[in-house]
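Letter by letter, the chains look like this.
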Amino acid sequence: MLILKIYLIFAVCVLIIYALRHFLFTLSRLLMEQRIYYQDIINSELQSVTVIIPMHNEEKVASQILDLLIRADYPQDLLQIIPINDFSEDATSKTLDDYAARYPFINPLHRYQGERGKPAALNEALKLATGEIIIVFDADYLPPKGIIKDISSFFNDPEIGAVMGRVVPINTRVNILTRLLDMERTGGYQVDQQARYNLKLVPQYGGTVGGFRRDVIISMGGFDTNILAEDTELTYRLLTHGWKVIYSNRAECYEEAPETWTVRARQIRRWSRGHNQVMIRYLWPMLTSRYLSGKEKLDGLLLLFVYAMPLLLLLALCDSLALFFLGEMNIFAGAVAILFVGVYNTFGNFAPFYQIGTGALLDGANKRILLLPMLLFNYFFNTWYIALGLLEAVWDVITGRKAKWQKTRRFRKEGKSLYQAQKR
Amino acid sequence: MTKSLIYYHRSYRKITRPRRLFLFQFLLVVVPITLIILIFYPEITKQMCLIARNILLPSFPPGALEIIQQTFLLNKDVYLLIGPESYPSTLTSFISSLVMLVLIFILQGVKIDKNIAIFATFLAVIHMSSTIYFTLVPYMFAYTFTDFAELYVKTIICIWLFIPCIMSMAILPLPASFFPKLFLIILTLIYSFIFTTLRYAIFLYILSKFSFIYMALLFFAFGPLIDFIYIVGIYAVYTTYLAQKLKANELVWKWLC
């Protein structure tokens, strides 16, 4: 009985820490000095850049991203584009070859042998890459004209190993899910990532709309093909090797958010599994790293445990139910009730509501903020699938099982233009 | 077409409000409101019980509803409205367990948004726990109506104490004048007083008329959890209004520093 009570109080204390962290980020983003990225630095000597786009059965979207990258505001003699045809069974291969025939700086990589998955594909592409800077986009992204110049401008700061840009869903209006995902992204990038950059904490490289130094990653042995979240793994590997990861809020890029709950469930379960694999591997190296300050370690720790929190909360719920039926409801009465009721229910379910609201306000949004209470339902949804992902990660470690990469389904109609995608 | 004025891009815009002012306003709101609640909660809970009793009087025989007192924070009295106790039969509990089990299976296959389905499953699992409990070990159920009323009323007092704090954290940093925000916090509290009173009457009716089998579901799913929906809802409505207003006043935005 005592253990159950102690666990509940522990869960509440952890929630308070995360709630205060969200509040600090909100204040930092809204009121404090904003740390700008390097895009205003005018550099006459641009670096060579390789853009890598992993693609697995991406015939619906392949031509759009390539068209946009061809029009990018970056000298084509310094640009190399490597679209990776990763075991595609549709017309992706033909599309890439058509583009390669027309544009000499597009060098497709066709993979039908070897290890599958994004990290393995990236490793092969790195061998072909000629650019000093590598920028990665997922195939459904719609990069704006200036984004290559924006992202690559970090190169002149010798401390920076990787940079992450802002992801903005383009299909927001499709249904309630895409609207809610748009809000989550707003809170996550406009406030969370920028605040972590402001406060010199740990912005996270997200695996797309981001760039890194080719030589650094190659010297570290490339991407780990055993980890599903190669982006989070890269973040912590760079940090523990003395490199900084930064965030560019100005480098915005549109993406296609999942339009069905099934696809979303699979996506966050995969993220959770990958993120928790990284947590298990990097917890100790991060805490003992001589390159990180105390506050970076604290933020890095909280970031590592982000995908472990839902299971902790789920267990806290089971715990409180057990206490209820065991006749120990008096733990909720009196002073502890303030902690339990207030913190568990508010921050447990709505932890980032003020963060998301502030992000939407800064973005100039209006009516979509009204959907904030709907996040309650997302909380239960996220809790369940993220908890499953954590359990899978633990099982991976125990059994040595290797995770299989699963592609996120695309919803765009083939051949639809950027404008049509926005209008949907 | 050329623009006559280019506003700050959303990526680095911010507002300028001294952090000390925020702290000062936070204390200015939270301290007095908390004190007012601590001083007046006996009277508020008394009124709450009286209103709930008046609502329920037509549905109960005379003398079935009783208002009692207990000691709570600062050794003050808290008022509780209690009604007749009703326990489920073993057969009812067993049938309810089966119904919940079937419901949980149906929810996994039914074509509704998955987030709603999972939330409904959460409700069903809580209720199924209760039905199984009353099927297997009903004699171990440790609560009387007074216990539940105590839990409910003390919990909502804590929520009332929590509302000024969470609402101040959420809205005081926003770019608007102080008094409308203060008004909003007070409005949220008033809404909470009314909502919790009506909910108290509904809970009491369900527990008395349909048995204690619903106690866990009522507390865990429709108790404090629901309170934070309207708190976030009121915040959302206000922030939406503010966002609209700020569109007409771009000068509020500052850049970087």
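No experiment lies behind these values; they were computed from the predicted model shown. One numbering rule holds for all chains: residues counted from 1, following each sequence as written. Think of it this way: whatever chain is written first is A, whatever ligand is written first is 1, and the rest follow in order. This being a predicted model, a pLDDT of at least 70 is required before a residue's local features are given, and a value of 80 or more before pairs of side-chain atoms are given or counted; all residues contribute to the totals for chains, interfaces and linings.

1. Looking at the overall build of chain A
By definition, any uninterrupted DSSP run of H or I lasting at least four residues is a helix, any uninterrupted run of E lasting at least two residues is a strand, and each is numbered from the N terminus. Of the regular secondary structure elements, chain A holds 15 helices and seven strands. Put simply, the radius of gyration uses C-alpha atoms, and a globule should come to 2.2 Å times the residue count raised to 0.38. The C-alpha atoms of chain A give a radius of gyration of 22 Å, which matches the 22 Å a tight globule of 424 residues would have. C-alpha atoms of chain A, sized along the principal axes, occupy 75 × 50 × 45 Å. Counting other C-beta atoms within 10 Å of each residue's C-beta, where C-beta atoms are placed from the backbone, gives the exposure class: buried for 20 or more, exposed for 12 or fewer, partly exposed between. Looking at chain A residue by residue over its 424 residues, the buried ones come to 54%. Our contact criterion uses C-beta atoms placed from the backbone: two residues qualify when those atoms are within 7 Å. Expressed as a percentage of contacts within chain A between residues at least 6 apart in sequence, the contacts between residues at least 24 apart total 84%.

2. A word on the packing of helix 6 (residues 176–198) of chain A against helix 13 (residues 353–362) of chain A
All names here are of chain A. Working convention: axes come from line fits to C-alpha atoms, limited for helices to the stretch in contact. Angles between N-to-C directions cover 0 to 180 degrees. Look at helix 6 against helix 13: their axes get within 8 Å of each other, and the N-to-C directions meet at 80 degrees. Classified by the angle between their axes, helix 6 and helix 13 sit roughly perpendicular to one another. Side by side, helix 6 and helix 13 meet where Met183, Glu184, Thr186, Gly187, Gln190, Val191 and Asp192 of the first sit next to Gln355, Ile356, Thr358, Gly359, Ala360 and Leu362 of the second. Any angle from 65 to 115 degrees is called roughly perpendicular, while one under 35 is roughly parallel, one over 145 is roughly antiparallel, and all others are oblique.

3. Brief notes about the domain arrangement of chain A
Interfaces are often sized by the accessible area lost when the parts come together. Residues and elements named next belong to chain A. Here the domain parsing of chain A yields domain 1 (2–31 + 306–399) and domain 2 (49–303). Computed over C-alpha atoms only, the centres of domain 1 and domain 2 are separated by 28 Å. At the level of elements, helix 1 (2–31), helix 13 and helix 14 (375–399) are the ones that each hand at least two residues to the side of domain 1 that touches domain 2. No other element matches helix 14, which puts 12 residues into the side of domain 1 that touches domain 2. In the scheme used here, Gly and all other residues not listed as nonpolar or charged are polar, with Ala, Val, Leu, Ile, Met, Phe, Trp, Tyr, Cys and Pro taken as nonpolar and Asp, Glu, Lys and Arg as charged. Considered class by class, the residues forming the side of domain 1 that touches domain 2 number 18 nonpolar, eight polar and six charged. Residue ranges for the domains originate in an automatic or database domain assignment.

4. A word on the interface of chain B and chain A
Of the residues lining the interface, 54 residues belong to chain B; the matching set on chain A comes to 48 residues. Among the elements of the structure, strand 1 (13–14), helix 3 (114–136), helix 4 (145–171), helix 6 (215–222) and helix 7 (224–247) of chain B are those that each provide at least two residues to the side of chain B that touches chain A. Residues belonging to the side of chain B that touches chain A are distributed by class as follows: 34 nonpolar, nine polar and 11 charged.

5. Re the environment of Arg185 of chain A
Residues and elements named next belong to chain A. With respect to the helices and strands, the residue Arg185 is situated in helix 6. A residue is classified by how many C-beta atoms lie within 10 Å of it, and Arg185, with 19 of them, is partly exposed. Residues Arg185 and Pro169 lie 16 residues apart in sequence; the distance between their C-alpha atoms is 7.9 Å. Among residues more than four places away in sequence, those in contact with Arg185 are Val167, Val168 and Pro169.

6. Topic: the pairing of strand 7 (residues 244–255) of chain A
Residues and elements named next belong to chain A. In terms of residue burial, strand 7 counts as a mostly covered element, since 11 of its 12 residues are buried. The criterion for strand pairing is that DSSP finds at least two bridges linking the strands in question. Here nine bridges tie strand 5 (residues 160–169) to strand 7, and the two strands are oriented parallel to one another. Across the sheet, Ile160 pairs through a bridge with Lys244, a residue of strand 7.

7. Quick look at the sheet that holds strand 5 of chain A
Residues and elements named next belong to chain A. On the basis of which strands lie adjacent, the open sheet formed by seven strands has the order 3-2-1-4-6-5-7 and mixed pairing. Edge positions in the sheet fall to strand 3 (109–111) and strand 7, since each of these pairs with one other strand and no more. Taking the axes of each pair of neighbouring strands and ignoring which way they run, one obtains an average angle of 20 degrees across the sheet.

8. Some remarks on unusual backbone geometry
Not every positive phi belongs to a glycine, and Phe87 of chain A is a case in point at roughly 60 degrees. Within the secondary structure, Phe87 of chain A is located in the loop between strand 2 (79–86) and helix 3 (92–102). Even without being a glycine, Ser211 of chain B presents a positive backbone phi close to 95 degrees. Topologically, Ser211 of chain B is positioned in the loop between helix 5 (178–210) and helix 6. Exposure remark for Ser211 of chain B: the 18 C-beta atoms within 10 Å place this residue in the partly exposed category.

9. With respect to the packing of helix 11 (residues 309–325) of chain A against helix 14 of chain A
Residue and element names in this part refer to chain A. Running from N to C, helix 11 and helix 14 point in directions that differ by 110 degrees, and their axes come no closer than 7 Å. What the angle tells us is that helix 11 and helix 14 run roughly perpendicular. When the axes of helix 11 and helix 14 are compared, the crossing they make is left-handed. In this structure, helix 11 uses Pro310, Leu311, Leu313 and Leu314 to contact helix 14, whose residues at the interface are Asn382, Thr383, Ile386, Ala387 and Leu390. Looking at the contact of helix 11 with helix 14, its residues break down into seven nonpolar, two polar and no charged. Left-handed describes a crossing in which the near helix is turned anticlockwise from the far one by less than a right angle; the clockwise case is right-handed.

10. Observations concerning the nonpolar core
By definition, a nonpolar core groups buried Ala, Val, Leu, Ile, Met, Phe, Trp, Tyr and Cys residues that connect through C-beta atoms lying within 7 Å of each other. Among the nonpolar cores identified, the biggest contains 176 residues, and Val51, Ile52, Ile65 and Ile135 of chain A together with Leu81, Ile157 and Tyr235 of chain B are the most heavily contacted of them. No other element matches helix 4 of chain B, which puts 18 residues into this core. If sequence neighbours within four positions are ignored, Ile65 of chain A has contacts with Ile53, Phe137, Ala139, Tyr141, Leu142 and Pro143 of chain A.

11. Regarding the pairing of strand 1 (residues 49–55) of chain A
All names here are of chain A. In terms of residue burial, strand 1 counts as a mostly covered element, since seven of its seven residues are buried. By the alternation rule, side chains of strand 1 split into Val49, Val51, Ile53 and Met55 and Thr50, Ile52 and Pro54, which are all buried. In this structure, strand 1 lies alongside strand 2, joined through seven bridges in parallel fashion. Each residue of the ladder has a partner; that of Val51, found in strand 2, is Ile81.

12. Brief notes about the environment of Lys244 of chain A
Residue and element names in this part refer to chain A. With respect to the helices and strands, the residue Lys244 is situated in strand 7. Under the C-beta neighbour-count criterion, Lys244 is labelled buried, with 20 such atoms within 10 Å. It is 35 Å that separates the C-alpha atoms of Lys244 and Trp261, two residues lying 17 residues apart in sequence. Among all residues touching Lys244, those that are not within four sequence positions of it are Glu159, Ile160 and Gly161.

13. Brief notes about the confidence of the model for chain B
Residue and element names in this part refer to chain B. Taken as a whole, chain B shows an average pLDDT of 89; of its residues, 96% reach a score of 70 or greater. pLDDT measures the predictor's confidence residue by residue and takes values from 0 up to 100. By mean pLDDT, strand 4 (residues 254–255) is the weakest element of chain B at 73, and helix 5 is the strongest at 95. In the predicted assembly, ipTM is 0.86 and pTM is 0.89.

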